[in-house]
Amino acid sequence: MKKVIHHIYEAIGETPMLNLSRITNYYGVSGNIFAKLEYLNPGFSKKDRPALQMIIEAEDKGELLPEQTVIELTSGNTGTGLAMVCQAKGHPFIACMSEGNSPERAKMMKSLGAKVVLVPQAKHSVEGQVSGEDLALVEQVVRRLTKEQNAFRADQFKLDSSYRAHLLHTAVEMWEQTDGQIDCFVDFVGSGGTFEGCAEKFKEYDESIQCYIAEPRNAAVYGRKPLVNSGRHKVQGCGYAMDLPKINRNLIDGLVEISDDEAYEVTRNLARLEGAFVGISSGANVCAAIKLLQGKEKGKNIVLTLNDSGLKYLSSDLF
Ligand SMILES: Cc1ncc(COP(=O)(O)O)c(C=O)c1O
């Protein structure tokens, strides 16, 4: 039975790559957008990859012992990946999440056996729009619980294993799937793990590959713009308006700003035109690629990830 797997985490990765030709036709741009269907991972997001990598590397180094509790600050997707991997490997898992994230995420983690701790948002925050301030509140809770539970902190913002998942796997798969026909890569950053891992690997393959960061128009911190509306935006899982320790600025060739309305429109068009039912950050990535094809990168091949499933947004105003 060569094709039978024995743990759910063995189903992570090796996702298909889709040429978004209907999207490029609709927007009248020349060039190609190759989208890696990361929402087809078993936890329905690309964050399954860093979740698995963080646990494997910590186990290998002896930093995570058998049956030791794992804890993480999550917008839901890394937590879902960790809940799944920890369940399969016998580690109790605690997910600390801002109340600003969609409730589907908390339900899913609970169903996978995780303990979910919801942290109320900061005073001026808006539901569904998690800010850096909200994350700082969750961080305080995570630190306290890590000590109390003698837990292993699977820190997606700080651990190298988080971005190595994309360096060792996502980028390599993209390169092989496109036979190396890659001119550009664009990514709307959250922890910055996908950008850092993929950009580093792509530059290793070919230094001329242009790597772009996409940011929310209201929170363009890498563009060094002042925050608009306290940096509020609707792209869940990303754009926290804070400096990201994992990102090496030398890898950034350019920046693209995306508004909520633009991200929503392209997300809806991905479902309608391509049959790709994905979340808002996926639409933001594709929107950034369309802008690049309309401008500086006309006629080029752009690669990106479709990050999570649209099913995680059914309670939001997206669909
Ligand atoms: C839906 C979604 N999109 C994008 C990202 C950002 O990815 P990264 O943390 O690799 O920057 C995340 C991160 O959690 C996410 O959940």
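Refer to the structure presented above.
Before going into details, it helps to say that this report is about the structure given with it. Computed from a predicted model, the values in this text were never measured in an experiment.

A few points about the sheet that holds strand E6 (residues 152-153)
Right, on to step 1. Strand order across the open sheet formed by 4 strands is E5-E4-E3-E6, with parallel pairing between neighbours. Where the open sheet ends on each side, the last strands, each with one partner, are strand E5 (115-119) and E6.
Right, on to step 2. Sheet strands touched by helix H5 (residues 132-149): strand E3 (70-73), strand E4 (93-98), E5 and E6. Its angle to E4, the strand with the most contacts, is close to 160°.

Re the site of the ligand
Right, on to step 1. By nearness alone, 17 residues border the ligand, and Lys 47, Gly 190, Ser 191, Thr 194 and Ser 281 come closest of all.
Right, on to step 2. Here an oxygen atom of the ligand and a side-chain polar atom of Asn 77 are 2.9 Å apart.
Right, on to step 3. Within the side chain of Thr 194, a nitrogen or oxygen atom sits 2.5 Å from an oxygen atom of the ligand.
Right, on to step 4. When the free accessible area of the ligand is taken as 390 Å², the share hidden by the protein chains comes to 99%.
Right, on to step 5. Taken together, the residues of the shell around the ligand sort by class into 3 nonpolar, 11 polar and 3 charged.

Notes on the sheet that holds strand E10 (residues 301-306)
Right, on to step 1. Spatially, 6 strands are ordered E1-E2-E10-E7-E8-E9 in an open sheet, and the strand pairing comes out mixed. Each end of this open sheet is capped by a strand with a single partner; those strands are strand E1 (17-19) and strand E9 (254-258). Averaged over neighbouring strand pairs, the angle between their axes works out to 25° when direction is ignored.
Right, on to step 2. As paired elements, strand E7 (residues 184-188) and E10 share 2 bridges and run parallel to each other. Of the residues in E10, the one forming a bridge with Cys 184 is Ile 302.

Details of the packing of aromatic side chains
Right, on to step 1. Within this structure, the stated rule accounts for 5 aromatic pairs.
Right, on to step 2. Both rings, one in Tyr 26 and one in Tyr 27, keep their centres 5.0 Å apart while their planes meet at 80°; by these two values the pair is edge-to-face.
Right, on to step 3. The lysine or arginine in question, Lys 201, covers the ring of Tyr 205, its NZ or CZ lying 5.5 Å from the ring centre.

Remarks on the packing of helix H8 (residues 260-274) against helix H9 (residues 280-294)
Right, on to step 1. For the pair H8 and H9, interaxial distance at closest approach is 7 Å and the crossing angle is 100°. The angle between H8 and H9 places the two elements in the roughly perpendicular class. Facing Glu 262, Ala 263, Tyr 264, Val 266, Thr 267 and Leu 270 of H8, the residues of H9 in contact are Ile 280, Ser 282, Gly 283, Ala 284, Val 286, Cys 287, Ile 290 and Lys 291.
Right, on to step 2. The residue inventory of the contact of H8 with H9, partitioned by class, reads 9 nonpolar, 3 polar and 2 charged.

Quick word on the side chain of Ser 281
Right, on to step 1. Within the fold, Ser 281 resides in helix H9.
Right, on to step 2. The exposure class of Ser 281 is buried, given its relative accessible area of 4%.
Right, on to step 3. If we skip the residues at most four places from it in the chain, Ser 281 touches Val 235, Gln 236, Cys 238 and Asn 307.

Details of the environment of Gly 295
Right, on to step 1. Mapped onto the elements, Gly 295 comes out in the loop between H9 and E10.
Right, on to step 2. Relative accessible area serves as the criterion here: at 38%, Gly 295 is assigned to the partly exposed category.
Right, on to step 3. Separated by 10 residues in sequence, Gly 295 and Asn 285 place their C-alpha atoms 16 Å apart.

Quick look at the nonpolar core
Right, on to step 1. With 37 residues, the main nonpolar core has Ile 33, Val 186, Ile 258, Val 286 and Leu 306 as its most contacted residues.
Right, on to step 2. The set of elements that each furnish at least two residues to this core consists of strand E2 (32-37), E7, strand E8 (210-216), E9, H8, H9 and E10.
Right, on to step 3. Counting residues per element, this core draws most heavily on H9, which supplies 9 residues.
Right, on to step 4. Apart from the residues within four sequence positions on either side, Val 186 is in contact with Tyr 212, Ala 214, Asn 285, Ala 288, Ala 289, Leu 292, Ile 302, Val 303 and Leu 304.
Right, on to step 5. In this structure, Val 119, Val 138, Val 141 and Leu 251 belong to the second largest nonpolar core, which totals 33 residues.

Rules behind the numbers
- Residues numbered from 1 in each chain as written.
- Predicted model: local features only at pLDDT ≥ 70, side-chain atom pairs only at ≥ 80, totals over all residues.
- Heavy atoms only, no water.
- Pairing = 2+ DSSP bridges.
- Helix = DSSP H or I, 4+ residues; strand = E, 2+ residues; numbered from the N terminus.
- Contact = heavy atoms within 4.5 Å.
- Axes fitted to C-alpha atoms, helices over the stretch in contact; angles between N-to-C directions.
- Near = heavy atom within 4 Å.
- Polar contact = N/O pair within 3.5 Å; in protein donor to acceptor, adjacent residues only side chain to side chain.
- Areas by Shrake-Rupley, 256 points an atom, 1.4 Å probe, with all protein chains shown as cover.
- Nonpolar A, V, L, I, M, F, W, Y, C, P; charged D, E, K, R; others polar.
- Phe/Tyr/Trp six-rings, centres within 6.5 Å; stacked < 30°, edge-to-face > 60°.
- Lys NZ or Arg CZ within 6 Å of the ring centre and 35° of its normal.
- Parallel < 35°, antiparallel > 145°, perpendicular 65-115°, else oblique.
- Buried < 20%, exposed > 50% of the residue type's maximum accessible area, 1.4 Å probe, protein only.
- Core = buried A, V, L, I, M, F, W, Y, C linked by side-chain atoms within 4.5 Å.

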